[in-house]
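Analysis of the macromolecular model
Here is what each chain is made of, one letter per residue.
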Amino acid sequence: MGRGKKFGKRGGGSGGGGGSRGVRGSWEELEKSNAKYESYYNDHGIIPAEDQEAFWPALRRELPNSFRFTGSRGHAVAVKQRLVDFHIPQITSITYEGNAVEPPKPVPWYPDELAWYMTTPKKVIRRFPPFASFQKFLVAETEVGNITRQEVVSMIPPLFLDIRPGMTVLDMCAAPGSKSTQLMELLHIGEEDATRKVMEDIKQGTYDPSKLPAGLEDYGRTTGLLVANDSDFKRAHMLVHQMKRLNSPNLLVTNHDATGYPSIKLPSPPGRERFNNYLKFDRILADVPCSGDGTVRKNPTIWKDWTPGNALGLHATQLRILVRALQMLKTGGRVVYSTCSLNPIENEAVIAAAVARCGGSNFVEIIDCSQELPDLKRADGLRSWKVLDRDCRVWNSWQEVEEHRKTAGISGLGRLSSTMFPPSKDLPLERCLRVYPHHQDTGGFFITVLEKKTEIKAKPENVDKVVPKASVAAVVEELEQKTKDNNGGPLDKIESLDDIVPHSTGTDGKDATVAESSHQPSYTATLDAPASPSKRSSGHLEDQVPTKRTKLENGTEVIIGDRPVHHPPPSAVEGQEDNTDFPKAEAPAQAKPPVKRKPGQPFEEPFKYVTGTEDEITEIFKFYNISDQFPRDRFMVRNAEGSMTKTIYYTSVLARDILTENEGRGMKFVHGGVKMFVKQDAQRPNQCQWRIQTDGLPIIESWLGPERTVTLTKKQTLRKLLVELFPKLDQHTYQQLGEIGHQTKDIQLGCCIMRVEPSESEDGLQERMVLPLWRSMYSVNLMLPKEDRRAMLLRLFNDETPVIHPPKFRSEDTPTTDLASDSQTESKDKSEAEAKAEIADSEMTYAQIEKDIPPPIAKTEEDLIKAENILRGQEQADLMSSRETYQRDGDEEDRFNTTV
Ligand SMILES: C[S@@+](CC[C@H](N)C(=O)[O-])C[C@H]1O[C@@H](n2cnc3c(N)ncnc32)[C@H](O)[C@@H]1O
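The residue numbering used here restarts from 1 in each chain and proceeds along that chain's sequence as written. Given that the model is predicted, a residue must reach a pLDDT of at least 70 before its local features are reported, and side-chain atom pairs must reach 80 or more before they are shown or counted; all residues, however, enter totals for whole chains, interfaces and linings.

Moving on, we come to the domain arrangement of the protein chain. How large an interface is tends to be reported as the accessible area lost when its parts come together. By convention here, the domain bounds are inherited from an automatic or database domain assignment. Each assigned domain of the protein chain is listed here: domain 1 (65-149), domain 2 (163-385 + 417-462), domain 3 (549-567 + 575-679) and domain 4 (706-831). Inter-centroid distance (C-alpha atoms) of domain 2 to domain 4 is 45 Å.

In structure tokens, the structure reads:
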């Protein structure tokens, strides 16, 4: 019998499903065994006899740490190199409890050595001082999105999706977003090189759009889209936080129940305006909620909590999610279904039932992946298994259950359904993948790849094949049983009667709809839209979509379905008429009353696209001398009036078309768009009020004219700019800022961009970077969040210096570094009178600024970010707290037994 460490209760994590939430921190012994769990897996052929000796001890060991570099960024190579050149040699020299520490190693099957693992326990890395520098590196690079800490097995499903740029991808159960970030990275692969080439070709006059790589037809950028969804509102926001680090204009985040995911409307093709056109996906990930018994190495309380009922209660939801995924998939597209459970009821049974509901193997094929990721050790999927009921009675077949029911009633059979048993028809279930903990020292995982061979019409759920609804007496009995199971202790929170009774068969006992049979709100209810079947006619829907008009640059007015595109529409993205007969998102019959917010619940502002011809956009294009070729019809704001008051966002064409086309249809979009321009108080009347936000800079930087671009070549100049907030810059001190001082002293006030040109020279930098600068009257400031400054200082200079704030802008206090001794001498030589006049001048100016310009005034970047947060309201605070929860490593996500 295994024993391990138990993490004691910590901080009041509230509510929630699984018992492991909020459980960790102290070190009492926890028993790592559970007779029911071990017996089901050992005695009924789930874990082969020859593997059992290795399987269980592996499951009882602590899980290695693992993390992944952000693959779509060329930058990731530099970050990885820092690990290899600096941290690994350092770690190799550490001994812990007399033993040499094993350094991180690349995961053998992960492409390009982007995923790494290490066996040193997390608690040691966190607390043992010699690891401090490595720990800081991990934290800093994670914060800025260069590293994602993710469990190794959780990295597998996205790799089997075979994603390429230009594809439309849906992640149905995406929070907190580990796999979504991987999917997004794969969608953007190749962009950096392709966009650089496009720019060179444009300069040389050799640009030829027909030569762009497939999927990168948007001037070298991906034309694809990721829709990341989660039904849990708070977790959907956690997902947003995680995804925002990647700054992709090709992302939409939604908040829907995946079992009834609404069809997303696309603009109708020209000439077919009366027809509805719905988005179908090239790839779908269904990483469904599961009992998570494969995560027991990370969530040790699963040892205590494991019961057969956990899987029985999830099977129907998992099946519905997978069937819905197959409905929304393009013909020829792939769905990857995955769980972090090893229970066949949640795995092979769901696959078999979904294939059957979609018409069989001729319609949906289980793909043989034995040649994909050949270094990944795995076992075949099961072809036979038994079903345990709540009382751990073993059932070999559905017939047995039915026989028993006839003679002994339904007691204890409440959750069983025919779909939980092995299929009667031959199906190559061995093609499913099972990853066991002893294969490569990971958690347990289940993955299956399905391909849609032809269009399907999913059969309705066969409610005859579910044990019928329990009587009140049966419910009472079930409650009593639960109390007994809990040794008289309090019952787990029961979310709904569904937890304890089987599905309803509808009023006539025969033809309940999916939603009715699961006691779930009907699909339309999820969309906050009143609907009746009659309203689902395509004509009705079409009538409800208001005609939108927009003006092109040349003044031509067009309707939205007829928008100009700046690249050929991606072939992989073309929509299809939705023939799945699944309910669609409905336009509300009449204007909806404003949705009442729960306390603390962020408010989702609408997404309003601007035409691109407004004065603000014209001013921005002029000030930064942005090329006319850069598309102007993808800018968006987040307020009902569509006014450019604070932030201008940018999205891809497809994201724009979806946000516009689905407005008022009840689709719950919680995020979309990259912040491109943010309004900043100007100090001079002719100064452009809009600064370029770091998030959007990589998208627009190559389109900017030379007037507002400066070039940094020296390491030490960058260091000074990173360490100091608002370093002073005037005619006397500009030399302290080296080459940047020279270039910015006479530049017009406002935002400019700084290119870091790589060079081989000793004082040069090896990485190419582009960063935004803010030139104000007496200083020039790198517009970078603190986290980015910290990460860069650590990586490039191994420097942990805290950022220096300008002490109340007093020039004599302006911190100096050893950057430019010449200029220091020059300052010292200045007459006292001159210096005093300068101080008075600057103080007066700042005082004036403070007095005359209404808040938010950003004296420091922190203020700026704070002010922005205040303006954005509660949302940011909520995100910050959810991010904390996420970073608390386990609490929140453990509730769903994720493997992040
Ligand atoms: C296993 S976790 C997903 C982990 C995620 N794919 C990742 O890699 O970070 C399952 C998620 O499904 C969500 N979920 C549960 N039921 C759902 C439903 N009916 N529709 C959509 N999402 C659901 C949960 O909120 C949870 O975040």
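Secondary structure counts use DSSP, requiring at least four H or I residues in a row for a helix and at least two E residues in a row for a strand, with both numbered from the N terminus. Mapped onto the elements, Ile617 comes out in helix 19 (residues 615-623). Residue burial here comes from a neighbour count, namely the number of other C-beta atoms, placed from the backbone, that lie within 10 Å of the residue's own C-beta, with 20 or more meaning buried, 12 or fewer meaning exposed, and in between meaning partly exposed. Ile617 sits in the buried class, given 20 other C-beta atoms within 10 Å. Separated by 138 residues in sequence, Ile617 and Arg755 have C-alpha atoms that sit 24 Å apart. Whether two residues are in contact is decided by their C-beta atoms, placed from the backbone, lying within 7 Å. Ignoring any residue separated from it by four or fewer positions in sequence, one finds Ile617 in contact with Val610, Gly612, Arg632 and Phe635.

Moving on, we get to the sheet that holds strand 32 (residues 769-775). Pairing between two strands requires that DSSP report at least two bridges joining them. Spatially, 30-31-32-33 is the arrangement adopted by the four strands of the open sheet, whose pairing is mixed. On the outer flanks of this sheet lie strand 30 (709-712) and strand 33 (780-782), each paired with one strand and no other. The sheet shows a mean angle of 35° between the axes of neighbouring strands, taken without regard to direction. In terms of strand pairing, strand 30 meets strand 31 (residues 750-756) through four bridges, oriented parallel. Among the inter-strand pairings, Thr709 is bridged to a residue of strand 31, identified as Ile753. A fitted line through C-alpha atoms serves as each axis, taken over the contacting stretch for helices, and the angle formed by two N-to-C directions is quoted from 0 to 180°.

In this section: the packing of helix 11 (residues 308-328) against helix 12 (residues 348-357). Each pair of packed helices can be described by the angle between their axes along with the distance between the axes. With their axes 9 Å apart at the nearest point, helix 11 and helix 12 run at an angle of 45° to one another. Taken together, the axes of helix 11 and helix 12 are oblique relative to one another. Helix 11 and helix 12 meet at a crossing whose hand is right-handed. Seen from helix 11, the contacting residues are His315, Gln318, Leu319, Leu322, Val323 and Leu326; seen from helix 12, they are Ala349, Val350, Ala353, Ala354 and Arg357. Angles are sorted into four bins: roughly parallel if under 35 degrees, roughly antiparallel if over 145, roughly perpendicular if 65 to 115, and oblique for all others. Each crossing gets its hand from how the near helix is turned against the far one by less than a right angle, where anticlockwise is left-handed and clockwise is right-handed.

Pairing is antiparallel in the open sheet, where four strands are placed in the order 6-7-3-8. The open sheet has two edge strands with one neighbour each: strand 6 (105-106) and strand 8 (147-149). Summarising the sheet, strand 3 (residues 65-69) and strand 7 (residues 115-118) pair through four bridges and their orientation is antiparallel. Pairing of Arg68 across the sheet is with Ala115, part of strand 7.

Right, let's talk about the site of the ligand for a bit. Proximity of a residue to a molecule or strand is defined by its backbone-placed C-beta atom lying within 6 Å of that partner. Near the ligand, the surroundings consist of 22 residues, among which Cys173, Lys179, Ser231, Asp232 and Ala258 are the closest. Looking at the shell around the ligand, its residues break down into nine nonpolar, seven polar and six charged. For this classification, Asp, Glu, Lys and Arg are treated as charged, while Ala, Val, Leu, Ile, Met, Phe, Trp, Tyr, Cys and Pro are nonpolar and the rest, including Gly, are polar.

Moving on to the nonpolar core. In this usage, the nonpolar core is the set of buried Ala, Val, Leu, Ile, Met, Phe, Trp, Tyr and Cys residues whose C-beta atoms join them within 7 Å. Formed by 182 residues in total, the largest nonpolar core has its most connected members in Met172, Ile284, Ala286, Leu322, Ala325, Leu326 and Ala354. With eleven residues, helix 11 is the largest single contributor of residues to this core. Ala194, Leu212, Leu216 and Tyr219 belong to the second-largest nonpolar core, a separate cluster that totals five residues.

The next subject is the packing of helix 22 (residues 715-723) against helix 24 (residues 786-797). Helix 24 packs onto helix 22 with a crossing angle of 150° between their chain directions and a minimal axis gap of 10 Å. Judged by the inter-axis angle, helix 22 sits roughly antiparallel to helix 24. In terms of crossing hand, the pair formed by helix 22 and helix 24 is left-handed. Residues Arg719, Leu722 and Val723 of helix 22 lie in contact with helix 24, whose contacting residues are Arg789, Met792, Leu793 and Phe797. Its residues placed into classes, the contact of helix 22 with helix 24 shows five nonpolar, no polar and two charged.

The positions that UniProt labels "binding site: S-adenosyl-L-methionine" (unreviewed entry) are, in the present scheme, Cys173, Ala174, Ala175, Pro176, Gly177, Ser178, Lys179, Asp230, Asp257 and Asp287. Take Cys173: it is sitting in the loop between strand 9 (168-171) and helix 7 (178-187). In this structure Cys173 touches Asp230, Ala258, Ala286, Asp287, Val288, Pro289 and Ile321, once residues within four positions along its chain are discounted. Take Asp230: it is sitting in the loop between strand 10 (225-229) and helix 9 (233-244). Apart from the residues within four sequence positions on either side, Asp230 is in contact with Cys173, Ala174, Ala175, Arg235, Ala236, Leu239 and Asn255. UniProt positions are given in the numbering used here, feature names are shortened, and annotations may be inferred rather than shown by experiment.

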